[in-house]
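This is what each chain is made of:
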Amino acid sequence: MSSHHSRRMPARRLALRAAVPAAAAVLLMTGTATTVATAAPVAPGSTPAAGPAGSVFANRALPPNRLTSKAGSGAAFTYWSSGTDREPRLSTAAVQVPSGQAPRSGWPILVWAHGSRGIADRCAPSTEPTKGDRDEIARWLDRGYAVVTPDYAGLGTQGTPEYFDTDTTTRNIVDAVRASRDVAEDLGRRWVVVGEGQGATAAIELARTGTRVQGAKLDYRGSAVSSIPVEFDTLIGGLGPDTGAMPDGVESDVLFTLSAIRNARTTVDLDPFLTDAGVRWLERATQVCADDLTREFGGTTLGSLFRQPLSGNGQLLDVVSRTHTIPIKGFTRPVMMTQSLFDQNVVVPLSLRYLNDAQNADRQVTARTYLAINQQQSEALSDNDMRWFVSRLAGR
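Small disclaimer: the values here were computed from a predicted structure and weren't measured.

**Things to note about the overall build of the chain**
A tally of regular secondary structure across the chain gives 12 helices and nine strands. Counting over 396 residues, the chain shows a buried share of 59%. Taking all contacts inside the chain whose residues are at least 6 apart in sequence as the whole, residues at least 24 apart take part in 77%. For the chain, the computed accessible surface area is about 15,700 Å², with 49% contributed by carbon and sulfur atoms.

What follows is the structure in structure tokens.
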């Protein structure tokens, strides 16, 4: 799950906070909103009454300095979705629309399902987009897509992010697309997902379930993904005092995943398996974003975090296996899966095996691997393939 870190924008954090007193809700709805999407007044200190999944709680226009270079307009919004417990949760997202005249059928929607950015509120892409996020959004805007960037439940809103739960992330994406059409003008029904890392797993699941869960007003067309973190349950179950070095991005994902489970699932007793250093690092993972955590953790081995192998924690393994399974077949829409051999955010041999198995198991799967001179060239090749694939899906 790749990540890039950028400088914090404190004013926007306040404006985008959800599930807050009425004063903060007013901040969200002041300014020049693209549509009228209002919420009932909320008494100070109380929790707002839940709305239907995909409904808008509050929104405001993005100021010019928050728009990417190719955007004509944009909005940040808070919407209703749900968490791992299936209870209503507020989540945040942003939508940016190309400049110029929209097609007759409206702008096709592209969801940027970002990879790991961290689990601290300040890591939410709608409030603090990384350089990678901004580049990706600008790229697809320039190609004629309205781009929706969901934060996923708990990231930038109340509660612990459901970092480890693919199904929750999937529902957050669908609900963000529904809400975006009430926030921005001239958005069409057709939508596609481009995902990496954490977002890739949800994008793959949508290729199986998207047509069933989207509702009658949307037309999901397919997904294109890169850097797929497969067999994460096996990886977690293999961790213990003897674990050595792993790719940088994989180590960060382990820290974020275990930290999120430790905070969100109180029935999973993880602390007896952790050293004092392990407790400190999982707490640190709640405070910093992905690039900072990767840099700080450099030179530390994962094995130093554990007193005993995690294979002995059945509750933990059950949670990870139930929430992080990635399908290899049963897709109802096309999905392109790409993988660079230079990728430091996944265990490449496992990802390559998954691509091979999925392509052999389901004709809806198109797989591409890249052995280029470096990661930058691999990403360029992947983007070129995805551009063609997404254009075909969206009918452009």
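**A closer look at the packing of helix 7 (residues 248-264) against helix 8 (residues 276-284)**
Helix 8 packs onto helix 7 with a crossing angle of 90° between their chain directions and a minimal axis gap of 8 Å. As far as their axial angle goes, helix 8 and helix 7 are roughly perpendicular. Touching Leu255, Leu258, Ser259 and Arg262 of helix 7 are Val279, Trp281, Leu282 and Glu283, all from helix 8. When the residues that make up the contact of helix 7 with helix 8 are grouped by side-chain class, the tally is five nonpolar, one polar and two charged.

**Overview of the packing of aromatic side chains**
Enumeration over the complete set of coordinates arrives at six aromatic pairs. Ring geometry for Phe77 versus Tyr79: centroids 5.8 Å apart, planes at 50°, classification tilted. We classify Phe77 as buried; its relative accessible area is 0%. With centroids separated by 4.9 Å and ring planes inclined at 85°, the aromatic side chains of Trp281 and Phe297 adopt a geometry described as edge-to-face.

**Regarding the state of the cysteines**
Taken as a whole and assessed by the stated rule, the structure comprises one disulfide. Note on cysteine connectivity: Cys123 is disulfide-linked to Cys289, with sulfurs 2.1 Å apart. Sign of the S-S torsion, about -105° for the bond between Cys123 and Cys289, identifies this disulfide as left-handed. One end of the pair, Cys123, is in the loop between strand 4 (107-113) and helix 3 (131-142); the other, Cys289, is in the loop between helix 8 and helix 9 (290-297), and 166 residues separate them in sequence. Neither Cys123 nor Cys289 differs from the other in exposure class; each is buried.

Reading the values: rules and limits
Residues numbered from 1 in each chain as written. Predicted model: local features only at pLDDT ≥ 70, side-chain atom pairs only at ≥ 80, totals over all residues. Heavy atoms only, no water. Helix = DSSP H or I, 4+ residues; strand = E, 2+ residues; numbered from the N terminus. Buried < 20%, exposed > 50% of the residue type's maximum accessible area, 1.4 Å probe, protein only. Contact = heavy atoms within 4.5 Å. Areas by Shrake-Rupley, 256 points an atom, 1.4 Å probe, with all protein chains shown as cover. Axes fitted to C-alpha atoms, helices over the stretch in contact; angles between N-to-C directions. Parallel < 35°, antiparallel > 145°, perpendicular 65-115°, else oblique. Nonpolar A, V, L, I, M, F, W, Y, C, P; charged D, E, K, R; others polar. Phe/Tyr/Trp six-rings, centres within 6.5 Å; stacked < 30°, edge-to-face > 60°. Disulfide = S-S within 2.5 Å.

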